[in-house]
Every structure is written in structure tokens, then in C-alpha cells.
Amino acid sequence: MKKSEDEFGKRILAPLQSTPSLDPKIVAEEKNKYLLQAESIRQRFIPGSDTEEVRVADEVLSVHRRKQQYALLRGVAAVLVALIILVGSSLTVYAAQDSLPGESLYTLKAISEDVRLSVTHSPQARLDITLDYTNRRVDEISQLLAAGKSLPAQASERFQGELEGALLLASQMEDTHIVNALEKIKSHAENQGMTIEQLLNQLPEQADPAILRLQARLYEQVEMSTIGEHDPQTFRLAMHERQNLNSQKHKSTPASIDRETTPSNDSTTPFPTGEEENPHNSNGHPTQAPENEDSSPGEGNPSTGNGNHNPDPSRTQKP
Amino acid sequence: MKKSRDQAILVRARRFESQALEEIFDCFSPGIYRYAYRLLGDAELARECMSETFSRFLTALKQDGGPDEYLQAYLYRIAHNWITDYYRRKTPPTLPIESVTLSDLKAEPHRIVADQMSAKEVRDALAFLTPDQRQVISLKYLEEWKNDAIALSMNKPVGAIKALQHRALEALYRILSRDEDFTV
């Protein structure tokens, strides 16, 4: 480096040599800021300073624990909600099992029975369940009569539908099983008939026509079972004719009458009827209420009450 | 600070011992401020540069970085980088007459203004240099460092420092020669 260059450099930069002195207050302020920053770092990051390592470890552990606790709490909450729903629903359904026809929970009881039957596929198991339900109906009737209440049509319809369903199930079984099935049906019907008879003897004033009809139906159940035990084929044919008869009866019966004698779809027998399978009447026309082309089949004309006061025999009415 | 002394105080600084850190600040903050002021020409900016230099130094220590020796070179490098960033961010504004800093209260006012005007012209000229050229001649002629110290500070061989210095002065000469009011 040439000396002249150095001299040039010094001379050219000479105007920058002069600098104001820094205010001691500002220096002190900057120094404090710097030392505070250093202290902050020392406390937070320097191993061995205070309990920094422990604190950091605690923080990490704490976060980890919080995450675990949060996940655990979420899991517990989900399980609790599921349990509450499950237990609540189960308790409600369980409570509904003691309900009687006409009570608010009875619909739930009916639904739970229908669901149980619908998820059972074995004919034997379906028969056992159906027979169990018939026993329940008899118990319900006993309790209603004991309480001095009349038998609602709902209970009667459901009971008759189950009795018919039991016979239908038996008719669809093979010869090897049909006899045993009919024996069971017969046994149940005999016991139930005796129970009804005892009730009527104890409470003669409760002997309304509906109870008497049920008693007659139970005798018919025993009779049909006896026929089937001796001649399954005849029994099957008889059941087939009964189904056809019931189907025709439903088709030709005005809804106002039909509702008193046949079970409705939502509360009685889960077994299908011919009408359900074929929503069209014998004329090949959709079932419609008279004078109301826009209404749904079987709804009737709202302007004339329920629309069933003047049934047209040429047009079938849905029960 | 000498090399061995730098090493000793840096060991303590890495433990964030207040006394060591205080010594470093007391020893180097005036020089950093001066250096920043000479290049920036603004007291507030120079203060900001000094503050940021020491803050970055602490951050480097926290991250197990920072120098093992030659502390002064390290600190000036931080300051220089800050100044370079400032140059890149913003063209230095024209110095208004009311912001003239009276560095020498005994001097005549017209002389002070003339000095400030010259200082501004030199700073503007420095702004045209590359960062390395600017750093070399600043350390050489303003801070009066030896070439080997500059070489350490810039992590370059002494020969490269001399070359940078030469080219920087040539460039400055060319830049300032265009200014009729400036006597080269």
C-alpha cells in the first residue's frame, strides 16, 4: 500500500472523523437494556442458572401432561356421552317394558318389540319371541282389568296379530319343525286362555266383548294348532286361506270398521299383508279416497271428516 | 482487548456473567457508536445500531454462537452488517440544516455547516462502494485499524484487504471528483 494512498484515504475521510459524544444517560439506558436482556437469557436458557433446566423440563412435561389430560378428558367425555345416550335410551326402553296399553311409553315398548323381532331371522327364534310377546299381552290385559280399566283396541289388535303371526310362522316351517312349533303355540294359547278365563271369573264386571273375543281367538288358536299337529299340510292350506281371507277382508272393509277389527301397520303385527305387498286394488287402480284426487291413498277427504263415512266399495280403503 | 483477554472474557460472557458482559459493553460501545455514526451520520441511527449490535451479540451467545476470540472484530462485523442492511433498505436522506449535530461547539457555525456538508458528501460517496470496500476503508481510516485486524474482522486474507482498500479509494476518488464543491 502506497503512503500517498493512505494519506489520501485519511484526508478524504477526515470529515467523518468528528463524531458527537454519546449522552451518558443514553449510554446508561442502552447498557441497562443490554444487561436486562442478558439476565433474561441467563435465567431462561443457561443450564444451572436457577432452576432453568427443571423449569423447562416442567414446562415440557406440563404441556405433555396437558395434552394427555386433554385427550383423556375428550375420550372420557365421549364415553360418558355415549354411555348417557345408551343408558338413557336403555333405561327409557327398559322403563317402557312395564308400560300398559294407553300409556305414553307403550308406543316405545311396541317399537322395541317390533325392532327385536325384525332383527331376528331364525323362524324358531321368531316364534319364541312372538309367543313371549303374546304372554306379555295377556299380562297387560290382566293388569288393565285388575286396575278396572277397559281393554284398548290397540292391545287387542296387537295380541291378535301376534297370535296370527305365530301360526303363520309355524305354517312356513318344514314338517320336522312344524309339530314342535304348533305344540308350543297350543300350549301357550291354552295357558293364556285359562288365564283370561280366570280373570273373567274373578272380575265378571270386566267381561267386555273385546275380552270375550280374545278368549274365543285363543280357543281358535288351540284348535288350529291341534289341526296342524295332526296334519301339517291341511294346516298350511288353512293358513293360506286365512291369509287370503284376511287380505280380502282388509281390502273390502271400510276403514272406519277395519280400524276396529284389524291391526294397524304401526302398532300391531309385523307380518306383511297382501295389501301391503300390492298397493293397488283389484281394479288395478291406486287406492284413493273419494272426491279427493290429490290426497294420498287412504287419507280420505279432509273436508268430510276422515273421509270414511261414505265409503265407495268400488275403491278400496287402506285400513 | 487482546486475544487471550478476549478468550477469557468470552468464556465468562457465555455463562452470561453480568460483570463480563458489562465490561464488554463499556469497552466497545463507544467505538461501535462512533463507527455507526460516521457511516450513518445520524445519532439516533447510530444508537440503534449500537443497541442492535449488542443485542445480536447476546443472541449469538445464547445460541452457542459468537466469537471464540477477536471480540472487537466480531462486534464491528455485526455493526457493519446492520449498517449495510440499512444502506440497502433506504437511501440516506439529505441532511437538513436543522439536524446538524454540533460536534464541536467551539467551532464557527459556518465551519460546522461546511464540515457537515462535506461529511454528507463523503457518506453519500461511501454508499456507492461495495459493503466490503466500505468496511475496509472505514476500519482503516476512521477506526485506524491495522490491516491484519481488518482481515480478522472480515475473515479475509490481508492481501484481499489491501486490494479492497485500493479499489475503494479509487472509487471514492472518482465519485468525489465529480462533485465540484468537494476538494479531492
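Throughout what follows, the structure given in this document is the object of discussion. (Residues numbered from 1 in each chain as written. Chains lettered and ligands numbered in written order. Predicted model: local features only at pLDDT ≥ 70, side-chain atom pairs only at ≥ 80, totals over all residues. Heavy atoms only, no water.)

With that settled, consider the overall build of chain B. Scanning chain B for helices and strands turns up eight helices and zero strands. For chain B, the N- to C-terminal ordering of α and β elements is α-α-α-α-α-α-α-α. Counting every position in chain B, which comprises 184 residues, the buried fraction comes to 47%. Restricting the contact set of chain B to residue pairs at least 6 apart, pairs at least 24 apart contribute 65%. For chain B, the computed accessible surface area is about 9200 Å², with 48% contributed by carbon and sulfur atoms. (Helix = DSSP H or I, 4+ residues; strand = E, 2+ residues; numbered from the N terminus. Buried < 20%, exposed > 50% of the residue type's maximum accessible area, 1.4 Å probe, protein only. Contact = heavy atoms within 4.5 Å. Areas by Shrake-Rupley, 256 points an atom, 1.4 Å probe, with all protein chains shown as cover.)

Moving on, we come to the packing of aromatic side chains. Within this structure, the stated rule accounts for nine aromatic pairs over all chains. Through successive ring pairs, a cluster of aromatic residues spans A:Tyr34, B:Phe25 and B:Phe54. The residue whose ring lies beneath B:Arg134 is B:Tyr87, and the NZ or CZ to ring-centre distance is 4.1 Å. (Phe/Tyr/Trp six-rings, centres within 6.5 Å; stacked < 30°, edge-to-face > 60°. Lys NZ or Arg CZ within 6 Å of the ring centre and 35° of its normal.)

Along the chain, B:Arg47 turns up in helix H3 (residues 43-62). The class for B:Arg47 is buried, based on a relative accessible area of 14%. Setting aside chain neighbours within four positions, we find B:Arg47 in contact with A:Ile26, A:Glu29, A:Glu30 and B:Tyr33.

Our next topic: the interface of chain A and chain B. The interface of chain A with chain B comprises 31 residues on the first partner and 44 residues on the second. Buried area between chain A and chain B, both sides added, is near 3500 Å², and the carbon and sulfur share of it is 69%. Interface area lost by chain A to chain B is led by A:Leu16, A:Pro20 and A:Tyr34, which between them contribute 20%. In this assembly, chain A and chain B are joined by four salt bridges. Among the ionic pairs, B:Asp26 bridges to A:Lys31, the shortest N-O distance being 3.0 Å. Summed over the shared surface of chain A and chain B, the number is 13 residue pairs in polar contact (both at pLDDT 80 or more). If you list the elements that add at least two residues to the side of chain A that touches chain B, you get helix H1 (3-13) and helix H2 (24-45) of chain A. In the side of chain A that touches chain B, the residues fall into 16 nonpolar, five polar and ten charged. (Buried area = accessible area lost by both parts, 1.4 Å probe. Salt bridge = Lys/Arg side-chain N within 4 Å of Asp/Glu carboxyl O. Polar contact = N/O pair within 3.5 Å; in protein donor to acceptor, adjacent residues only side chain to side chain. Nonpolar A, V, L, I, M, F, W, Y, C, P; charged D, E, K, R; others polar.)

Purely geometric numbers; function is a separate question.
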